[in-house]
Amino acid sequence: MWARPFKLLALSLGGVIALVASIAIGRAVQFESRQVSVADTDSIPVPETAAQRLARAIEFRTITKREPTALDSAAYRGLYRYLETAYPVVHDSLDVTRVNDLSRLYTWRGADPSTAPIVLMAHVDVVPVEPGTRGDWTHPPFEGVVADSAVWGRGALDDKASAIGLFEALSLLVEGEGRPERTVHVALGHDEEVGGPRGARAVADRIMEQGQAPAIVVDEGGAITKTRRA
Ligand SMILES: [Zn+2]
């Protein structure tokens, strides 16, 4: 049999757990989804060549490192130069800010400076290929192979697809819609895979220095796919 102090402790713990559980259940019952309903949009004519541009971006070995001095900065610079040549209209219309040398903040100034900006993010660093797993790759990790209706390589999903997707969208918008009402920031970080201390964090500071907190920040998420590859 339990001694009295233990019994009291067990009873009071039980009471706390019951209280927490009832609050949690009560809140769960009252919870309403904040998912906004949005109207369907027309499909967007993504150019066939977009896959090739993603494949080309994969060739730059922007492999993440904990130690900033260990980064292959030439690979990052090469990638940014490639973006300049692949998306000239974007670079004509947006301001480019270099952040801690290897991250970039692209800013498309909106027509109405009183509205809060939006921030669209991606990262261009990739994790290294695990030692001893090279033979497991269907196609080499840094060759940017387009085959079997897919783009293959390190960063194809995480996260150069986001970076290239953003630039494809910007290209279409710059040429089609023209200047937006609100400012659009596109941030490309160079060290997300090690927590983003010199990339995203510094980019966020640069955005906040401009005086307005963003209305929304959109970063990478899980992949949305129709089929699943084994
Ligand atoms: Zn990622």
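Reading guide: rules and limits
- Residues numbered from 1 in each chain as written.
- Predicted model: local features only at pLDDT ≥ 70, side-chain atom pairs only at ≥ 80, totals over all residues.
- Heavy atoms only, no water.
- Pairing = 2+ DSSP bridges.
- Helix = DSSP H or I, 4+ residues; strand = E, 2+ residues; numbered from the N terminus.
- Axes fitted to C-alpha atoms, helices over the stretch in contact; angles between N-to-C directions.
- Contact = heavy atoms within 4.5 Å.
- Donors = N, O, S within 2.8 Å, 3.2 Å for Na, K, Ca; no water.
- Tetrahedral: all angles 85-135°; square planar, octahedral: opposite > 155°, others 65-115°.
- Buried < 20%, exposed > 50% of the residue type's maximum accessible area, 1.4 Å probe, protein only.
- Salt bridge = Lys/Arg side-chain N within 4 Å of Asp/Glu carboxyl O.
- Parallel < 35°, antiparallel > 145°, perpendicular 65-115°, else oblique.
- Left-handed = near helix turned anticlockwise from the far one by under 90°.

Another aspect to go through is the sheet that holds strand β3 (residues 118-123). Within a sheet, adjacent strands bond to each other through the backbone by hydrogen bonds, running parallel or antiparallel. Spatially, β1-β2-β6-β3-β7 is the arrangement adopted by the 5 strands of the open sheet, whose pairing is mixed. Single-partner strands in this sheet number two, and they are β1 (95-99) and β7 (216-218). The mean inter-strand angle of the sheet, taken between neighbouring strand axes irrespective of direction, is 20°. The pairing of β3 with β7 spans 3 bridges and is classified as parallel. Considered in β7, the bridge of Val119 is made with Val217. Strands β2 (103-108) and β6 (184-189) of the sheet are contacted by helix α3 (residues 73-86), whose axis makes an angle of about 25° with β2. Along the sheet, helix α5 (residues 160-176) contacts β2, β3 and β6; its crossing angle with β3, the most-contacted strand, is approximately 140°.

Around the zinc ion, the protein contributes the donor atoms His123 (NE2), Asp158 (OD), Glu220 (OE) and Glu220 (OE), which lie 1.9 to 2.4 Å from the metal centre. Given 4 donor atoms and angles of 57 to 136° at the metal, the environment of the zinc ion is assigned as irregular. Sequence positions of the residues that donate to the zinc ion give the spacing H-x34-D-x61-E. Taken together, the residues His123 in strand β3 and Asp158 in the loop between β5 (150-152) and α5 connect sequence positions 35 residues apart. When its relative accessible area of 35% is taken as the criterion, Asp158 is described as partly exposed.

Turning next to the pattern of salt bridges. Tallying each qualifying case throughout the model produces 6 salt bridges. Of the charged contacts, one joins Glu59 and Arg56 as a salt bridge, the two residues approaching to 3.3 Å between their closest N and O atoms. Judged by its relative accessible area of 33%, Arg56 is partly exposed. As a salt-bridge pair, Asp95 and Arg109 come within 3.6 Å of each other at their nearest N and O atoms. Here Asp95 is found in strand β1, whereas its partner Arg109 is found in the loop between β2 and β3, with 14 residues between them in sequence. Within the structure, one salt-bridge network assembled from shared partners comprises Arg77, Arg98 and Asp101.

Those residues of helix α2 (residues 50-58) that fall on the buried side of the exposure criterion are Ala50, Arg53, Leu54, Ala55, Ala57 and Ile58. Taken together, the buried residues of α2 touch α3, β4 (145-147), β5 and α5.

A few words now on the packing of α2 against α3. At a minimum axis distance of 10 Å, the contact between α2 and α3 shows a crossing angle of 160°. In terms of their interaxial angle, α2 and α3 are classed as roughly antiparallel. The hand of the α2/α3 crossing is right-handed. Counting all contacts with α2, which are made through Arg53, Arg56 and Ala57, the residues of α3 involved are Leu79, Tyr82 and Ala86.

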